Amino acid sequence: MKALYPGSFDPLTFGHLDLINRGLDLFGEVIVAVLEHPEKSPTFDLETRLKQIRESTNHLDGVKVISFEGLTVKCAKENKANLILRGLRAMSDFEYELQIAHTNRSLEACYETVFLVTAAHHSFLSSSVVKEVARFEGKISHMVPEIVAKDLRRLFN
Ligand code: ADP
């Protein structure tokens, strides 16, 4: 099975990596699809985000990292994915995720979204929390892979 894991990954955290690893165990193949968001200005440009994820996953068999613009279901179809993978950290993620999952099913009924509940010790992690801590020069080595930590230090120091 091939799972499409879409997101902004701005930047990648250990929470995302945990989901990728567990997705691999369950499905065998995970395509990490980085959303381009032309209307939003991300902290890290697309090339940087792709590089961060590729370097952090290059020891894993079965991971492919791509970028996409537009509809997730279209990206899933083009890449012959069987399902969409997303993570749930807290109830606050649930409403938003439910709406997206319903929207995707209304567009392409064949696409189920599979949610993995975050590992408890990663449940506080989000890209924005990491950026906030990095901005004030707090410790981030337990939140993000080293390549991301380096990019964050360069950005804020
Ligand atoms: P988006 O802008 O699409 O929400 P994110 O990069 O913030 O993109 O998140 C991508 C996916 O990864 C989402 O399903 C999100 O719930 C999940 N995710 C984010 N942080 C974590 C975490 N700490 N643990 C598990 N899943 C996470």
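Residues numbered from 1 in each chain as written. Predicted model: local features only at pLDDT ≥ 70, side-chain atom pairs only at ≥ 80, totals over all residues. Heavy atoms only, no water.

Looking now at the overall build of the protein. The secondary structure content of the protein amounts to six helices and five strands. In summary, the protein has a C-alpha radius of gyration of 15 Å against a globular reference of 15 Å for 157 residues, a match within 12%. Taken along the three principal axes of its C-alpha coordinates, the protein extends 45 × 35 × 30 Å. Taken over 157 residues, the protein has a buried fraction of 48%. When contacts within the protein are restricted to residue pairs at least 6 apart in sequence, long-range pairs at least 24 apart make up 74% of them. (Helix = DSSP H or I, 4+ residues; strand = E, 2+ residues; numbered from the N terminus. Rg over C-alpha atoms; globule rule 2.2 N^0.38 Å. Buried < 20%, exposed > 50% of the residue type's maximum accessible area, 1.4 Å probe, protein only. Contact = heavy atoms within 4.5 Å.)

A word on the sheet that holds strand β5 (residues 112–117). Overall, parallel pairing links the five strands, which are arranged β3-β2-β1-β4-β5 in an open sheet. The open sheet has two edge strands, β3 (63–68) and β5, and neither has a second partner. Strand-to-strand twist of the sheet, defined as the mean angle between neighbouring strand axes without regard to direction, takes the value 30°. For strand β1 (residues 2–7) and strand β4 (residues 83–88), the ladder comprises two bridges, and the chain directions are parallel. The residue bridging L4 from the neighbouring strand is I84, located in β4. (Pairing = 2+ DSSP bridges. Axes fitted to C-alpha atoms, helices over the stretch in contact; angles between N-to-C directions.)

Okay, the side chain of S127 next. Considering the arrangement of structural elements, one finds S127 in helix α5 (residues 127–135). Not counting the four nearest positions on each side in its chain, S127 is found in contact with D10, P11, T13 and H16.

Turning next to a nonpolar patch on the surface. There is a patch of nonpolar side chains on the surface, built from M91, F94 and L98 and spanning about 310 Å² of accessible area. Structurally, L98 is set in helix α4 (residues 91–107). Looking at L98, the relative accessible area reads 35%, which means it is partly exposed. (Patch = residues over 30% accessible without salt bridge, like charges linked within 9 Å, V, L, I, M, F, W, Y side chains within 5 Å. Areas by Shrake-Rupley, 256 points an atom, 1.4 Å probe, with all protein chains shown as cover. Salt bridge = Lys/Arg side-chain N within 4 Å of Asp/Glu carboxyl O.)

With that settled, consider the nonpolar core. A general trend in soluble globular proteins is that nonpolar side chains are found buried together. Formed by 32 residues in total, the largest nonpolar core has its most connected members in I20, V32, I140, V144 and L152. Residue contributions to this core peak at five residues, all from helix α1 (residues 14–27). Once residues lying within four places of it in the same chain are set aside, the contact partners of V144 are L12, T13, F14, V130, A149 and L152. Formed by twelve residues, the second largest nonpolar core is a distinct cluster that contains A33, L35, V73 and A81. (Core = buried A, V, L, I, M, F, W, Y, C linked by side-chain atoms within 4.5 Å.)

A cluster of acidic side chains, namely E36, D45, E47 and E69, defines a negative patch on the protein surface. Secondary-structure assignment places D45 in the loop between β2 (29–35) and α2 (46–57). In this structure D45 comes out as partly exposed when scored by relative accessible area, which is 45%. (Lys, Arg positive; Asp, Glu negative; His and termini not counted. Charge placed at Lys NZ, Arg CZ, Asp CG, Glu CD.)

Before going further, it helps to spend a moment on the site of the ligand. Residues in contact with the ligand amount to 16 residues; listed here are only the nearest, Y5, S8, F9, G87 and T118. Between the ligand and E97 there is a distance of 3.5 Å, counted from an oxygen atom to a side-chain nitrogen or oxygen. Within the complex, the protein chains bury 88% of what would otherwise be the 550 Å² of accessible surface of the ligand. A molecule is said to occupy a pocket when more than half its atoms come within 2 Å of that pocket's grid points, and by this definition the ligand occupies the largest pocket. At the level of elements, β1, α1, β4 and α4 are the ones that each hand at least two residues to the shell around the ligand. Residues of the shell around the ligand, tallied by class, amount to five nonpolar, seven polar and four charged. (Near = heavy atom within 4 Å. Polar contact = N/O pair within 3.5 Å; in protein donor to acceptor, adjacent residues only side chain to side chain. 1 Å grid on protein atoms, 1.4 Å probe; cavity = no way out; pocket = protein on both sides within 12 Å on 5 of 7 lines; lining within 4 Å. Sits in = over half its atoms within 2 Å of the grid points. Nonpolar A, V, L, I, M, F, W, Y, C, P; charged D, E, K, R; others polar.)

Across six bridges, β2 lies against β3 in parallel orientation. Counterpart to V32 in the pairing with β3 is V65. Taking the sense of rotation as the criterion, the β-α-β connection linking β2, α2 and β3 turns out right-handed. (Right-handed = clockwise from strand over helix to strand, strands pointing away.)

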